[in-house]
Amino acid sequence: MNGKKTIAIIGNPNSGKTTLFNRLTGSNQHVGNWPGVTVDRKTGHVCHDGVGVDIVDLPGIYSLSPYTQEEIIAREYVLSDELDGILNIVDAANIERNLYLTLQLISLGLPMVVALGFMDDVRAQGVEIDVAELERRLGVPVVPISAKKGENIHNLLDELAHGMRPPAQQPTYLHGVGAAIRRASDLLRPLPLRECSLPFYAAKLLEGDKALWAQYGGDMPRDMREQLDALAEGMHSHANSTDNEMVLADALYDYIEEVVRACFKRPKVHKMTVSERIDAIVLHRVWALPIFAFFMFIMFWTTFGPFGSWLGDGMEYLIQGLIAPAVQAGLSAIGTADWLVSLICDGVIGGVGSMLSFLPQIVILFFFLSVLEDTGYLARVAFIMDTLLRRIGLSGKSFVPMLMGFGCTTPAVMAARTMENDADRRMTIMLTPFMSCSAKLPVYALVAGAVFPAHQGLVVISLYVLGILMGIVAGFILKKTIFREVSSGFVLELPTYRMPSFKGTVLNMWQKAKDFITRAGTIIFLMSVVIWLLQNFTPALAVAQDAGASILGVIGTAIAPVFAPLGFSAWQESVSLLTGLAAKEAVVSTMSVLYGASSTDLSLVLSGVFTPLSGYCFLVFTLLYMPCMSAFATIKREMGGWRWAFGAAAFQTVLAYLTALVIYQVGSLIL
């Protein structure tokens, strides 16, 4: 292998970075047709013509001005000494916006290649691009590609392996700003800065970048500071603004307009694109919400209706009807001790198997979510909900990570990094767990199927809606108490509608199924064993003759009165909620072990334990109380301390208790 390079993929949000990363490295990172999919950096490797290349996928950013967490991650990395070059992915269908970041990256002076992505979309719009002229004006190699279709990827790899070189020229800032940057670059030479990146540092210091002034301003001689201030002041004479950041942005965007006029030829008559025609319907001020509700109804009816139930019953028969009896017969045939047979069959297979029987419904749900995301519709949902959220003082940006919360709370909490306002970011983190994550789905399916067999789908839909409503209520409370700052503006790019790829959809479904199975084989397996042991031994470590005298029975009996006002006072339900703190799926496996029943038998048992009202209140508490330990630890890390994490958990659990209490007490009076 002839050497090794480290290259970062950098581009605007939703510009196709992760798709290109997967195409180049063979990785299977999640790809979504909406901004904010990547919230941390990922690394892959490719070898081309004997040259090894480590490729780093960075979060999507609009500029090298660090307003948000992901912009900070990206800028700190590109300013480090770890990089050998930059692969800038540009959405050719939105070239003006994308080139702003491109020119800032060129000013770093690092070897660089520009990949013009979504060329299939550009051709569909009738746009012609003079790639040679664009390459001449930028001073770096430009390769038109379609990462989704694999178009020109080999040529791009050739450039990455052999053709990367420093920019032939620096970006052109108009209106006299370029001269100020060149003069400032000369002034900065005594500072310990990367020589090739001096134009970048000069531009950022002239615009008043607080982070760079804090880092280097203290080491500057007084005369250097005064000369930089004078250069910044002098730029105002060429502009109609005294805001240095706006002066530099205007100077760069005016040059971008020149580049686009010279290199891009658009049809003279604008025709409505497919995306515009679809948006005229799905974003209609009257029909937007009904259309969204219709899609949700189809998704949940398919998941919990006859088709989903049939697949779930088939999985349960495979585990409980075939595997469990075969294992039990085999163990008995070789003379295995009764306690070990009980541990394996009742504890492990009973606990893990009861949860795995819901795997088909999990896969169906994520099939729909993957299709809605890949088409670009989920980004529209955030846009639709912005109006409603604004009316109660919430930031519309909050809904993007909240949407991700329907999958898993942990990455959804991390996605709040995309918010530049710290108060909005923390509030969003506290609201995201109210969205019903997929781990709660087995609990819903079990209890709703037991007490609402004819209306299971409608009950589950009501829980998802209730989670959204309680998130709104919680946001209103937080806005009036802890977070009184004014929310930042909501800017969300609406991506072009795209047909979801079969490979991408299947891959996303497989990743979710694999995560579900992995949790079943690790956390739920261990929980099932622990629950079986605690159920079969007393606090004195003697074999329990009665489950109520076991360790779990004692713990459950002690905490059961707390939940009695909510309608469920059996100690088994109380204990299952405790184990749900480790993983929400553990609620199902715990009840399966405690009642010694398979999924079908457990449904029959629970239909006698719960009334419709108490069963619904149990589901409401499961929906709203604090998230699992993984999400809790992530909240602690993202919010910066245990005080915030425990405060968020307490706030959510208290709200869960009060909501379930009101529903049960009011329902008891009515019913």
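Residues numbered from 1 in each chain as written. Predicted model: local features only at pLDDT ≥ 70, side-chain atom pairs only at ≥ 80, totals over all residues. Heavy atoms only, no water.

Here we look at the nonpolar core
Ranked by size, the top nonpolar core spans 84 residues in total, and within it Y377 and F618 carry the most contacts. In contact with F618, other than residues within four places in its own chain, are V443, V447, F568, E573, S576, L577, V587, M591 and F610. (Core = buried A, V, L, I, M, F, W, Y, C linked by side-chain atoms within 4.5 Å. Buried < 20%, exposed > 50% of the residue type's maximum accessible area, 1.4 Å probe, protein only. Contact = heavy atoms within 4.5 Å.)

Some remarks on the sheet that holds strand β7 (residues 142-144)
Strands sit in the order β2-β3-β1-β4-β5-β7 across an open sheet of six strands; the sheet is mixed. Both outer strands of the open sheet, β2 (42-48) and β7, are each paired with one neighbouring strand and no more. Direction aside, the axes of adjacent strands within the sheet are offset by 25° on average. Packing against the sheet, helix α5 (residues 131-138) makes contact with β5 (112-117) and β7, and its axis sits at approximately 150° to β7. (Pairing = 2+ DSSP bridges. Helix = DSSP H or I, 4+ residues; strand = E, 2+ residues; numbered from the N terminus. Axes fitted to C-alpha atoms, helices over the stretch in contact; angles between N-to-C directions.)

Observations regarding the side chain of T622
Mapped onto the elements of the fold, T622 is located in helix α28 (residues 612-624). A residue is classified by how much of its surface remains accessible, and T622, at 0% relative accessible area, is buried.

Regarding the pairing of strand β4 (residues 85-91)
Burial analysis of β4 places seven of its seven residues in the buried class, which makes it a mostly covered element. Side chains of β4 alternate between two faces, with G85, L87, I89 and D91 and I86, N88 and V90 buried alike. Sheet topology places strand β1 (residues 4-11) next to β4; five bridges connect them, and they run parallel. Paired with G11 across the bridge in β4 is I89. Handedness of the β-α-β unit built from β4, helix α3 (residues 95-106) and β5 comes out right-handed. (Right-handed = clockwise from strand over helix to strand, strands pointing away.)

Observations regarding unusual backbone geometry
A negative phi holds for most residues other than glycine; trans holds for most peptide bonds. You will see that F118, though not glycine, has its phi angle at about 60°, which is positive. Secondary-structure assignment places F118 in the loop between β5 and α4 (119-124). The phi dihedral of N152 falls on the positive side, at around 70°, and the residue is not glycine. Following the sequence through the fold, N152 ends up in the loop between β7 and α6 (153-163).

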